Amino acid sequence: MASDYVTRRTQHLTRHLTPTTTSTTSPPLTASPCLAYTSPDLTSPPAPFPLSSMRSLLDHHDIESRNWIFNLIIQSPLFNPRIIGGRRFVSPDYNQSMEQQREMTMRRIEYLAERGVFKGWMVGEGREMEMRKFAVFESAGMFDHSLVIKLGVHFFLWGGAIKFFGTKRHHDKWLQPTEDFRVKGCFAMTELGHGSNVRGIETVTTYDSSTEEFVIITPCESAQKYWIGGAAKHATHTIVFSQLYIKGENQGVHAFIVQIRDDAGNVCPNIRIADCGHKIGLNGVDNGRIWFDNVRIPRENLLNSVADVTPDGQYISAIKDPDQRFAAFLAPLTSGRVNIAVSAVYESKVGLATAIRYSLSRRAFSIAPNEPEVLLLDYPSHQRRLLPLLAKTYAMSFAGNYLKSIYVQRTPEANKTIHILSSAFKATMTWHNMSTLQECREACGGQGLKTENLVGQLKSEYDVQSTFEGDNNVLMQQISKALLAEYLAAQIKKKPFKGLWLEHMNGPAPVIPSRLASYHLRSSHVQTDLFYLRERDLLNHFAAEVSEHLKLGKSREQAFFVSHQLAEDLGRAFADKAIFLAFKEAEEKVPASSLKEVLSLLRSLYALVILEEDAAFLRYGYLSTENAAAVRQEVRKLCSELRPHALALVSSFGIPDAFFGPIAFDWIAANTWSSL
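J.: Hey, could you run me through the confidence of the model for the protein in this one?
T.: Low-confidence regions, as indicated by low pLDDT, have predicted coordinates that should not be scrutinised in detail. When pLDDT is averaged along the protein, the result is 93; 95% of the residues meet or exceed 70. Scored below 50 in pLDDT, residues 19–24 makes 0 contacts in the model with residues more than four places away or belonging to other chains.

Written as C-alpha cells, this is what we have:
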C-alpha cells in the first residue's frame, strides 16, 4: 500500500512539474469590444409631449426667476465649478472642513444678495413676492441644502417672526436691515430638553418695571438653546422663545429680540455660545447652543402682536385663552413647513433624474447568448424600483403647488387648513425624499457611493428634514387629533363636514366593486372612492377607540396615547388622499392631449402604489386578497407603459445638467485615467 501511494504521488508531481503543450488547433482568445457610453437623449423615444409644458405644470410659477438663479450659480466660481468628462458641474465641496463649508455658505449668500436676489423679501408685500421666494428656495436648494437653510433661518424664521409676531415699531427698526444683511438673524426656540413640545421650554423671562427691561435666564442645562442655525458663528441677533413670568404668574411662551454679537463679531455680555459640532450633513450651517445669564433687553424687544407688557408691568392681550394665544403665536411659522415639504420633492427629482438617466445608459447581463447586455431600466425589477417613486414625486409636486397657493392667499379662517395640510405634506414628502434617495443610491450601484455623484450625499444633507420643524411621527398624530376634532364638531353640532376634503363624510360610504378589473383600477372615480373609504373608516375607528378609552376613565391625552397606531394610519390616509386629490385636480385642468394621457398613467400608478404599500387596505378589508393581487399586476403594467417616457418625465423637471453628478451623463468619460 505504501508503494502504491509513492507511485501515485510521483505521477502527480510529474504531471504538475512537466509543462504541457498547447494544441495549435485551439482558437486564440480574443478581447471583447470595450463598452461605450451612448446618451439616452439619442436612444430614447421622442417625448410625446412638450417638455416645457410639463415643466410649467410642475414648477407652476416663476420659471424665469428659477432660470436666473440657476445661471447665477453656474456662472460663478464661488459655487465650486468642475469640468468632469468634458462637462461642467457645480456642487458644494463636501471634502472641505466644517469651518470652510460655513464660510463658503456665507460668501454665496453675499454673492446672491449683491445681485439683488433678496430685494423686497422683507419690506415687499404680495402674493407674487412670496411665490418668488419659494422659487428661489427650490432652485438654490437643488445646489446646496445648507445655503437655503441658512437663508430660511434668516428670512423665514428670524424675519418672519419680526414681521408676524412684531408690530410697526419692530417692522420700522428691523425689516430693512434684515433684508440688507446688516443684521444677521437666528431663531432660538429649540432647547436641549424640548423640541416638538414648545410649550415645555424652560428658558425664563421676567420683567423689571424699575428699568423697563426684560431679564432672560437659562435656569438649567436642559434649557440651553440647541441646534440654533447661525448662532455658532454668523448671527448677530436672535429671537428667543421663553416662558414669560409677570408678577410671579406664567403667561406662557413669548418671543423676544436679543442681540448676541456686537458689530465686531464678539459675543455680547452675559451670553455664552458653543458650537454644536460636526453633523452627518448640513455642515455649511453653523448650528450653535446659547445660554442666557440674566440678559437684559428693552421692553420694546417683546414681539407684541399677540400680547404686550405695559411700562409698569401689566400684562395685556386681546386673546384671553392661553391655548388660543399659543396657537396664534405659532400660526405664522407654517411657512417653514411649506418650504421643507416642497424642497424635499425637488431633491427627490435630483435623485430620480440621476438614477433614471444612469439606468438608460448602463447595461448588465445578457438574457440570451451573443445578445448585448440589457439596459437597467429595461429590467421590470428596475422599473418597479424607480418608476413608482417617479409617480409619487409627480403627485407630490402638484400637492406642493396647491399648498403654496393656499398659503400665499391665506386668511385667518384658512390657518387651520394650512396648518394641517403643511404638517401632513411635510411628514409625507420628507419621508418620501429619504426613501427615494436611498433607492436611487442603490439603483446606481457602487457609483451611488461616490460623493461627486451626489445621490448618497444628498441623503445625509436632507436627513434632518424628518425631525426639524416638527418630528414627522408627532405631526401625523397632530393631524389625526385635528381630524377627530372635525368629526366631533360635526357630530355635536349636527352640521355637515366642510373643508379638508372631508365632505365625502356627509354621504354614504363608497361601494367598491367586488372584483377590480384593469379599467376599475385606472378609474379616477374608483381610486378616489378607495382613498375616501380608507379615510372614512379609519376616522370612525379612531373616534370609536378614543371614545371607548374615555368611557373607561382615561384622560383625553391618555386616550390618544394608547390609540397611536390608528392615529398614524389615519394621518397617512389623510395625507395620501390630499396628495391624490391635488394631482387629480391638476390633471383635470389639462386639455385632452398626449400630456394628459401620460399624467393619467402617473396618477394611476401613484394611486395603486399607495394601495399596494399600505397594509391598512388589507388589514381593514378595503381590498380583498384577490383585488390586492390585481393591484400588484396593474402596477407592473403601468411601469411597463411608462418606461418609454422615463427620460421625458425626468427631463421635464427642468434641472440644469450642471446640478447633477457625472453619473447622469457619460460615466465612462468621467472616470478615464486622463480625467485624474
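J.: I would appreciate a short explanation of the pairing of strand β2 (residues 87–90) in the present structure.
T.: Two faces belong to every sheet, and in a regular strand the side chains alternate between them. Sheet analysis places strand β1 (residues 81–84) next to β2, joined by 4 bridges and oriented antiparallel. Counted as the bridge partner of Ile84 is Arg87 from β2. The antiparallel pairing of β1 with β2 creates a hairpin that spans 2 residues between the two strands, and Gly85 there sits at a positive phi of about 60°.

J.: What should I look at first to understand the nonpolar core in this one?
T.: The nonpolar side chains of a soluble globular protein tend to be buried, and buried together. If you look at the biggest cluster of nonpolar residues, it comprises 211 residues, and the most contacted ones within it are Ile239, Tyr394 and Phe425. Non-local contacts of Ile239, meaning those with residues more than four positions away in its chain, are made with Trp158, Ala161, Ile162, Cys186, Phe187, Ala188, Ala255, Phe256, Ile257 and Leu303.

J.: Which parts of the structure should I look at to understand the side chain of Asn301?
T.: Within the fold, Asn301 resides in the loop between β11 (295–298) and β12 (307–309). At a separation of 2.9 Å, a polar atom in the side chain of Asn301 contacts the main-chain carbonyl oxygen of Ile257. Beyond its immediate stretch of four places on either side in the chain, Asn301 contacts His170, Ala255, Phe256 and Ile257.

J.: Explanation requested: the sheet that holds strand β10 (residues 287–292) in the structure shown.
T.: Across a sheet, paired strands are connected by hydrogen bonds in the backbone, their directions being either parallel or antiparallel. Spatial ordering of the open sheet is given by β6-β10-β9, a layout of 3 strands whose pairing is antiparallel. Edge positions in the sheet fall to β6 (225–229) and β9 (271–275), since each has one partner strand and no second. Going from strand to strand, the sheet's axes swing by 35° on average, the running direction of each strand aside. Across 3 bridges, β6 lies against β10 in antiparallel orientation. Bridge pairing links Gly229 to Asn287 in β10.

J.: Is there a simple way to explain the packing of aromatic side chains in this structure?
T.: For any two aromatic rings, the description comes down to two numbers: the centre-to-centre distance and the angle of the planes. Taken as a whole and assessed by the stated rule, the structure comprises 31 aromatic pairs. Of the aromatic side chains, those joined through ring pairs into one cluster are Phe118, Trp121, Phe134, Phe137, Phe155, Phe156, Phe181 and Tyr407. A cation sits over an aromatic face here: Arg362 above Trp667, 5.7 Å from the ring centre. Just above the ring of Tyr407 sits the side chain of Arg410; from NZ or CZ to the centre is 4.1 Å.

Thresholds applied
Residues numbered from 1 in each chain as written. Predicted model: local features only at pLDDT ≥ 70, side-chain atom pairs only at ≥ 80, totals over all residues. Heavy atoms only, no water. pLDDT = per-residue confidence, 0-100. Contact = heavy atoms within 4.5 Å. Pairing = 2+ DSSP bridges. Helix = DSSP H or I, 4+ residues; strand = E, 2+ residues; numbered from the N terminus. Core = buried A, V, L, I, M, F, W, Y, C linked by side-chain atoms within 4.5 Å. Buried < 20%, exposed > 50% of the residue type's maximum accessible area, 1.4 Å probe, protein only. Polar contact = N/O pair within 3.5 Å; in protein donor to acceptor, adjacent residues only side chain to side chain. Axes fitted to C-alpha atoms, helices over the stretch in contact; angles between N-to-C directions. Phe/Tyr/Trp six-rings, centres within 6.5 Å; stacked < 30°, edge-to-face > 60°. Lys NZ or Arg CZ within 6 Å of the ring centre and 35° of its normal.

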